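Coordinate inspection notes
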Protein chains: 2
Amino acid sequence: MMPPQSATNTISLSVIKTACSNCNLRELCLPFGLSIEELERLDDLVSTRRRLKRGEHLYRSGVPFDAIYAIRSGFFKTDVLLEDGREQVTGFQMAGELLGLDGISTEHHTCNAVALEDSEICAIPFSRLESLSREIHTLQHHFHKVMSREIVRDHGVMMLLGTMRAEERLAAFLLNLSQRFTARGFSHAEFYLRMTREEIGSYLGLKLETVSRTFSRFQEEGFIAVQQKHIRILNVAGLKALMNHRG
Amino acid sequence: MMPPQSATNTISLSVIKTACSNCNLRELCLPFGLSIEELERLDDLVSTRRRLKRGEHLYRSGVPFDAIYAIRSGFFKTDVLLEDGREQVTGFQMAGELLGLDGISTEHHTCNAVALEDSEICAIPFSRLESLSREIHTLQHHFHKVMSREIVRDHGVMMLLGTMRAEERLAAFLLNLSQRFTARGFSHAEFYLRMTREEIGSYLGLKLETVSRTFSRFQEEGFIAVQQKHIRILNVAGLKALMNHRG
DNA sequence: CTTTATGGTTGACTTGGATCAAGCTTACAC
DNA sequence: GTGTAAGCTTGATCCAAGTCAACCATAAAG
């Protein structure tokens, strides 16, 4: 499906709806901290919108890089594939988060980004982002913070994969999702998983059976209620306690 | 030990030696791709040098961030600690590589950086780096590439921790070190490990005994010769082959 | 030189999570 | 509706890596 083409009499409304300055995610996304005038300059840059169906790739490993992407709605995974077919999911991204930072390094994307539900993204041409951030200090600094935050997040994943047991990994995963849904105004205690057990397993360095069994165990112990992809967190403290218990 | 204080008659020599423009690591480090004039502007910024003894911290998790650091000589590890004492080594860094990018996000460092041998670093005040990269496009772009490269590296570590077996992890680790030593003009086949088996294990998500046993197995199979921290790689192809064999 | 501490190796045994396998649930295509 | 495929759950078994323990190597301190 193509982005809606505006008829002449509706252009202004459509433009307003597309702009960063009117996006309700702006405090989570790249515009964070910008003034009104600065925001308007960013609007010029973020002109391209694109809708993706569930299962569609936003980009694939190896393709030339020229833009980063802000998620306007929907849910994505990024993954890296080894030659022998093994997959590592490197992250799950939701509204307001940026995709594509991996491509700056070599000017080619180094992972795949796949929509896990129907989604909408804003493309931000990278060379234009660099020019603009040479002019707008706040934008420059915020962009640096976003990249750095990604590095810090990655360290957290390394910690998880390197030192935690299956229960701890899954508890950390659920608490992280919960916290991010909350930041977006959704319930912290109830949500639908957009990814399969296999994708969760790949992200957490576990097999899908282990993910499934661990969910069941959490349910037996009253920490959560699971029904396929529907999760209710019943005992946040319990999940947190799981994580600081032994190595 | 303090950095050498120059007497008046030796200042110019000392300054020349300290400058990026005369640093033999410049093609591996931040100055990559800069013109002579641009390099000289970077020199003004990278004024502070610091020596660290083996075991000394360059920074600690939690301390305010104000500079990133280029390694001029030596060897570092970065690690993250969990409250219960578990450690995850997030990387090993050598000459020409940057440390401290994790601190930009929250304006506080989020990991520890420790010298694994006597080392020397150049401190680059971050706000001045941002100003200068608003003026020098090449510097800005290269800095973005360096941050992005770190993200890509982290994805590689996730792949390693999430999907590889002990043998594959250790082979990947040795090949990575070898390749980085080569890029610095050292032998690709013979080097001293600066870190303990425990630190290797922490980085690779293995226990020190497993690291030790896997080294021994590699030796039995003729891939390497190990004597404590001294490593000779005898069969690069063999190590590479280990990695693409099954999941 | 000897002592001591830190780090490395190796062996015996255990275990958490993988593997293999069967059956179940849900959603969608026809 | 019914059939089918994809995804999830659960059980039985296995094995790679962890744990526990003893001993060895090297380097620094006295």
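Moving on to the sheet that holds strand β10 (residues 224-227) of chain A. All names here are of chain A. Overall, antiparallel pairing links the three strands, which are arranged β9-β11-β10 in an open sheet. Of all strands in the sheet, those bounded by a partner on one side alone are β9 (190-192) and β10. Pairwise comparison of adjacent strand axes, ignoring direction, gives a mean angle of 15° for this sheet. Bridge count for β9 against strand β11 (residues 230-233) is three bridges, and the pairing is antiparallel.

The subject of this paragraph is the packing of aromatic side chains. Summed over the entire model, instances satisfying the criterion amount to 20 aromatic pairs over all chains. On the basis of an interplanar angle of 80° and a centroid distance of 6.2 Å, the ring pair of F181(A) and F186(A) is categorised as edge-to-face. Judged by its relative accessible area of 6%, F181(A) falls in the buried class. Ring plane angle 25° and centroid distance 5.9 Å describe the contact between Y59(B) and Y69(B), whose orientation is recorded as stacked. Here Y69(B) lies in strand β3 (residues 67-73) and Y59(B) lies in strand β2 (residues 57-59), a separation of ten residues in the sequence. Taken individually, Y59(B) and Y69(B) each receive the classification buried, so the pair is uniform in this respect.

Residues and elements named next belong to chain A. The domains assigned to chain A are domain 1 (8-160) and domain 2 (164-243). Look at where the C-alpha atoms of domain 1 and domain 2 centre, and you get two points 26 Å apart. With 19 residues of domain 1 in contact, the opposing surface of domain 2 contributes 16 residues. Buried surface at the junction of domain 1 and domain 2, summed over both partners, amounts to about 1,600 Å²; 60% is from carbon and sulfur atoms. At the junction of domain 1 with domain 2, the criterion picks out four salt bridges. For K77, the salt bridge is made with E199, and the minimal N-O distance between the two is 3.0 Å. For the interface between domain 1 and domain 2, the tally reads twelve residue pairs in polar contact (both at pLDDT 80 or more). Those elements giving two or more residues to the side of domain 1 that touches domain 2 turn out to be β4 (75-81), β5 (87-94) and α4 (137-163). In terms of residues, the side of domain 1 that touches domain 2 owes the most to one element, β5, which gives eight residues. Looking at the side of domain 1 that touches domain 2, its residues break down into ten nonpolar, four polar and five charged.

Helix packing geometry: the angle between the two helix axes and the distance between the axes. Residues and elements named next belong to chain A. Interhelical geometry of helix α3 (residues 126-135) versus α4 gives an angle of 125° and a closest axis separation of 5 Å. Classified by the interaxial angle, the pair formed by α3 and α4 is oblique. Side by side, α3 and α4 meet where F126, L129, L132, S133 and E135 of the first sit next to H137, L139, Q140 and F143 of the second. Split into classes, the residues belonging to the contact of α3 with α4 amount to five nonpolar, three polar and one charged.

Residues and elements named next belong to chain A. Within helix α2 (residues 36-45) the residues assigned to the buried category are L39, L42, D43 and L45. The arc enclosing the buried residues of α2, seen along the axis, measures out at 155°, which places them on a common side. Set apart from the buried face of α2 by more than 90 degrees, the exposed residues are E37 and D44. Looking at the buried side of α2, the elements it contacts are β8 (119-125), α3 and α4.

Taken together, 17 residues surround DNA strand C, and among them A166(A), T210(A), R213(A), R197(B) and S216(B) come closest. Close to the protein, within 4 Å, the atoms of DNA strand C are drawn from sugar and phosphate at a rate of 64%. The separation between a phosphate oxygen of DNA strand C and a polar main-chain atom of K207(A) is 3.2 Å. The contact in question runs from a phosphate oxygen of DNA strand C to an N or O atom on the side chain of T210(A), over 2.3 Å. Of all the secondary structure elements, the ones that give two or more residues to the surface near DNA strand C are α7 (208-220) of chain A together with α7 (208-220) of chain B. Sort the elements by how many residues they give to the surface near DNA strand C and α7(B) lands first, with five residues. Within the surface near DNA strand C, the residues separate by chemical class into three nonpolar, six polar and eight charged.

Conventions we followed
Residues numbered from 1 in each chain as written. Chains lettered and ligands numbered in written order. Predicted model: local features only at pLDDT ≥ 70, side-chain atom pairs only at ≥ 80, totals over all residues. Heavy atoms only, no water. Pairing = 2+ DSSP bridges. Helix = DSSP H or I, 4+ residues; strand = E, 2+ residues; numbered from the N terminus. Axes fitted to C-alpha atoms, helices over the stretch in contact; angles between N-to-C directions. Phe/Tyr/Trp six-rings, centres within 6.5 Å; stacked < 30°, edge-to-face > 60°. Buried < 20%, exposed > 50% of the residue type's maximum accessible area, 1.4 Å probe, protein only. Domains from an automatic or database assignment. Contact = heavy atoms within 4.5 Å. Buried area = accessible area lost by both parts, 1.4 Å probe. Salt bridge = Lys/Arg side-chain N within 4 Å of Asp/Glu carboxyl O. Polar contact = N/O pair within 3.5 Å; in protein donor to acceptor, adjacent residues only side chain to side chain. Nonpolar A, V, L, I, M, F, W, Y, C, P; charged D, E, K, R; others polar. Parallel < 35°, antiparallel > 145°, perpendicular 65-115°, else oblique. Arc of directions from axis to C-beta. Near = heavy atom within 4 Å.

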